[in-house]
Amino acid sequence: MSRSVLVTGGNRGIGLAIAQAFAAQGDKVAVTHRGSGAPEGLFGVKCDVTNGDEVAAALAEIEAHQGPVEVLVANAGITDDTLLLRMSDDQFERVLDANLTGAFRVVQRASKGMLRKRYGRIVLISSVVGLLGSAGQVNYAASKAGLVGMARSIARELGSRNITANVVAPGFVTTDMTDKLTDDRKKQILGQVPAGRFATPEEIAATVAFLASDAAGYITGAVIPVDGGLGMGH
Ligand code: NDP
């Protein structure tokens, strides 16, 4: 079965690994980008998730190209770290707008087609820090915790229509986002990860692909950690 898949921020990092995992199993995969274009084999749509008009236009373009989105992975996200007392309203709101409201915009528009089809798989990419908290990331952690409430509410609203909504909460993954961390901070983090290493983007992608599979049809409203044990107990 070849499904219509959309991965936001699927042009690089974790999103790209997720998009490639779906493409490898024969699905039709669209990714959003903000100017880079799409990697080979993926259908690219230019879309900034902070802009509702761009999201609506992207969804229409994808629908015309590969049919209504059946599997949606809301992965696009940013960080803008600083300590609470130094954080401006703008810095807080910008991260919330991209990570939380951005996911809402995409899910809301994609869910219309899912309701018509009586089928849908929604996966929101959160983070271990959404549950654990993280000094210097009040904005980011709040946005990632918000995704849990969002997924669980969607699970309740749409569950009877064969639409699942789940959260994947990665620990630290080797991408551009974590390249920004200082060596000292990386060492400090590794000391707290039972697995003793960062994840590969492919390890996150495998869990997302599972949640979108037939085998996971009865899993909804779940938060699945893929964090090498960093968040155990949460
Ligand atoms: P990267 O920084 O490598 O990539 C971020 C992706 O998000 C890019 O594709 C980027 O697009 C896209 N993006 C950012 N803002 C927007 C926007 N406003 N509209 C559309 N696309 C946008 O991040 P990762 O691959 O590391 O992270 C992917 C997701 O996983 C994020 O949600 C992140 O919070 C989460 N995560 C990452 C962890 C990690 O350790 N790396 C750990 C836990 C969670 P563009 O190329 O145009 O900039």
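Computed from a predicted structure; not experimentally measured.

## Examining the site of the ligand
Piece 1. Near the ligand lie 27 residues; those nearest to it are Asn11, Arg12, Arg34, Tyr140 and Thr175.
Piece 2. Between an oxygen atom of the ligand and a main-chain N or O atom of Gly9, the distance comes to 3.1 Å.
Piece 3. For the ligand, an oxygen atom lies 2.8 Å from a polar atom in the backbone of Ile14.
Piece 4. Contact with the protein chains removes 94% of the 890 Å² of surface that the ligand exposes when unbound.
Piece 5. Elements supplying a minimum of two residues to the shell around the ligand: helix H1 (13–24), helix H5 (138–158) and helix H6 (176–179).
Piece 6. For the shell around the ligand, the element with the highest residue contribution is H6, accounting for three residues.
Piece 7. In terms of residue class, the shell around the ligand is made up of 11 nonpolar, 11 polar and five charged.

## Examining the UniProt feature "binding site: NADP(+)" (unreviewed entry) in the chain
Piece 1. In this numbering, the UniProt entry assigns the feature "binding site: NADP(+)" (unreviewed entry) to Gly9, Gly10, Asn11, Arg12, Asn75, Tyr140, Ala141, Ala142, Ser143 and Lys144. The annotated residues occupy 136 residues of the chain and do not converge on a single region, their most distant C-alpha atoms lying 24.8 Å apart.
Piece 2. Counting through the fold element by element, Asn11 comes out in the loop between strand S1 (4–7) and H1.
Piece 3. Non-local contacts of Asn11, meaning those with residues more than four positions away in its chain, are made with Leu16, Val31, Thr32, His33, Ser36, Gly37 and Pro39.
Piece 4. Among the secondary structure elements, Lys144 is positioned in helix H5.
Piece 5. According to the relative accessible area criterion, Lys144 is buried, its value standing at 3%.
Piece 6. Leaving out residues up to four positions away in the same chain, Lys144 has contacts with Asn99, Ile125, Ser126, Ser127 and Gly130.

## Details of the pattern of salt bridges
Piece 1. All told, the structure shown has six salt bridges when counted by the stated rule.
Piece 2. Residues Arg12 and Asp176 are paired through a salt bridge, measuring 2.7 Å at the closest nitrogen-oxygen approach. One end of the pair, Arg12, is in the loop between S1 and H1; the other, Asp176, is in helix H6, and 164 residues separate them in sequence.
Piece 3. Under the relative-accessibility criterion, Arg12 is labelled partly exposed at 47%.
Piece 4. Where Lys117 meets Glu70, a salt bridge forms, and the shortest distance between an N and an O atom there is 3.1 Å. On the criterion of sequence distance, the pair formed by Lys117 in helix H3 (residues 89–117) and Glu70 in the loop between helix H2 (52–66) and strand S4 (71–74) is long-range, its members being 47 residues apart.
Piece 5. A relative accessible area of 10% means that Glu70 is categorised as buried.

About the thresholds
- Residues numbered from 1 in each chain as written.
- Predicted model: local features only at pLDDT ≥ 70, side-chain atom pairs only at ≥ 80, totals over all residues.
- Heavy atoms only, no water.
- Near = heavy atom within 4 Å.
- Polar contact = N/O pair within 3.5 Å; in protein donor to acceptor, adjacent residues only side chain to side chain.
- Areas by Shrake-Rupley, 256 points an atom, 1.4 Å probe, with all protein chains shown as cover.
- Helix = DSSP H or I, 4+ residues; strand = E, 2+ residues; numbered from the N terminus.
- Nonpolar A, V, L, I, M, F, W, Y, C, P; charged D, E, K, R; others polar.
- UniProt positions renumbered as here; feature names shortened; annotations may be inferred.
- Contact = heavy atoms within 4.5 Å.
- Buried < 20%, exposed > 50% of the residue type's maximum accessible area, 1.4 Å probe, protein only.
- Salt bridge = Lys/Arg side-chain N within 4 Å of Asp/Glu carboxyl O.

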